[in-house]
Amino acid sequence: MRVYSWDGRNIGHIAEHGIAPTEAREVVEHARPPFPQYVGDGKWLVRGQAQTGRWLQVVYVYPDDRDVDPDSLSIADLLVYSDGQAQVVRVIHARPLTDAEKRKSRRRGRP
């Protein structure tokens with residue numbers, strides 16, 4: 001199970017690209033091969049379609065427990081995390097796919 005760390009910094013960054021946290025989370029949660037892809041420096045990349053219909057690219061990391069601010073977790077996520085049953089995901093970037101990237105994703109048989 002995953003929980004998501006959100007604060008003003010990462011919410012603000014993806015908002016600059018017009019992306020809502022719920023959209024980024026949906027893309028990560030519904031990743032299908034060949035995603036997620038490890039891109040180095042502890043970063044993972046996912047491309048997919050959010051329930052809004054928008055095609056997105058999301059980059060995230062798995063922070064160390066000592067780097068997780070409990071205030072960045074929702075109450076429900078904090079309960080799951082405190083039970084030791086979840087891995088924390090921190091979205092660090094998200095943007096809409098270009099038309100060429102969407103075509104490539106569709107050719108791979110993605111929804």
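Residues numbered from 1 in each chain as written. Predicted model: local features only at pLDDT ≥ 70, side-chain atom pairs only at ≥ 80, totals over all residues. Heavy atoms only, no water.

Focus on the pairing of strand β3 (residues 43-49)
Bridging between strand β2 (residues 37-40) and β3 involves three bridges; their strand directions are antiparallel. Paired with Q37 across the two strands is L45, which belongs to β3. As consecutive antiparallel partners, β2 and β3 are separated by two residues, and within that stretch D41 has a phi angle of approximately 55°, a positive value. Sheet topology places β3 next to strand β4 (residues 55-61); seven bridges connect them, and they run antiparallel. From the neighbouring strand, R47 faces β4, where its bridge partner is Q57. Two successive antiparallel strands, β3 and β4, enclose a turn made up of five residues, where G53 displays a positive phi of approximately 95°. (Pairing = 2+ DSSP bridges. Helix = DSSP H or I, 4+ residues; strand = E, 2+ residues; numbered from the N terminus.)

Points about the sheet that holds β4
Strand order in the open sheet formed by five strands is β1-β5-β4-β3-β2, with mixed pairing between adjacent strands. Bordering the open sheet on either side are β1 (2-4) and β2, each of which pairs with just one other strand. Averaged over all pairs of adjacent strands, the angle between their axes in this sheet comes to 40°, without regard to strand direction. By the bridge criterion, six bridges tie β4 to strand β5 (residues 87-96) in an arrangement that is antiparallel. Opposite Q57, over in β5, you have R95 as the bridge partner. (Axes fitted to C-alpha atoms, helices over the stretch in contact; angles between N-to-C directions.)

Here's the deal with helix α2 (residues 21-29)
Of all the residues in α2, the buried ones are E23, A24, E26, V27 and V28. Buried positions along α2 lie against β1, α1 (8-15), β3, β4 and β5. (Buried < 20%, exposed > 50% of the residue type's maximum accessible area, 1.4 Å probe, protein only. Contact = heavy atoms within 4.5 Å.)

A word on the pattern of salt bridges
Pairing between side chains of opposite charge can happen when their charged atoms approach one another. Counted according to the given criterion, the structure contains six salt bridges. For R2, the salt bridge identified is with E29, shortest N-O distance 3.8 Å. Here the residue R2 occupies a position in strand β1, and E29 occupies one in helix α2, the gap between them amounting to 27 residues. Residue R2 is classed as partly exposed on the basis of its relative accessible area of 25%. Given the relative accessible area of 35%, E29 is considered partly exposed. For R95, the salt bridge goes to E101, with nearest N and O atoms at 2.8 Å. Accessibility expressed as a relative area gives 15% for E101, which makes it buried. (Salt bridge = Lys/Arg side-chain N within 4 Å of Asp/Glu carboxyl O.)

A look at the packing of aromatic side chains
Tallying each qualifying case throughout the model produces three aromatic pairs. Ring-pair connections join several aromatic residues into one group, and the members of that group are Y38, W44, Y60 and Y62. (Phe/Tyr/Trp six-rings, centres within 6.5 Å; stacked < 30°, edge-to-face > 60°.)

Some remarks on the side chain of R90
Turning to its location among the elements, R90 is positioned in strand β5. Engagement of the side chain of R90 in a polar contact is seen with the side chain of D7, the distance being 3.0 Å. With residues up to four places along the chain from it excluded, the contact list for R90 reads S5, D7, R9, N10, V59, Y60, V61 and P63. (Polar contact = N/O pair within 3.5 Å; in protein donor to acceptor, adjacent residues only side chain to side chain.)

Function cannot be read off these values alone, since they describe shape.
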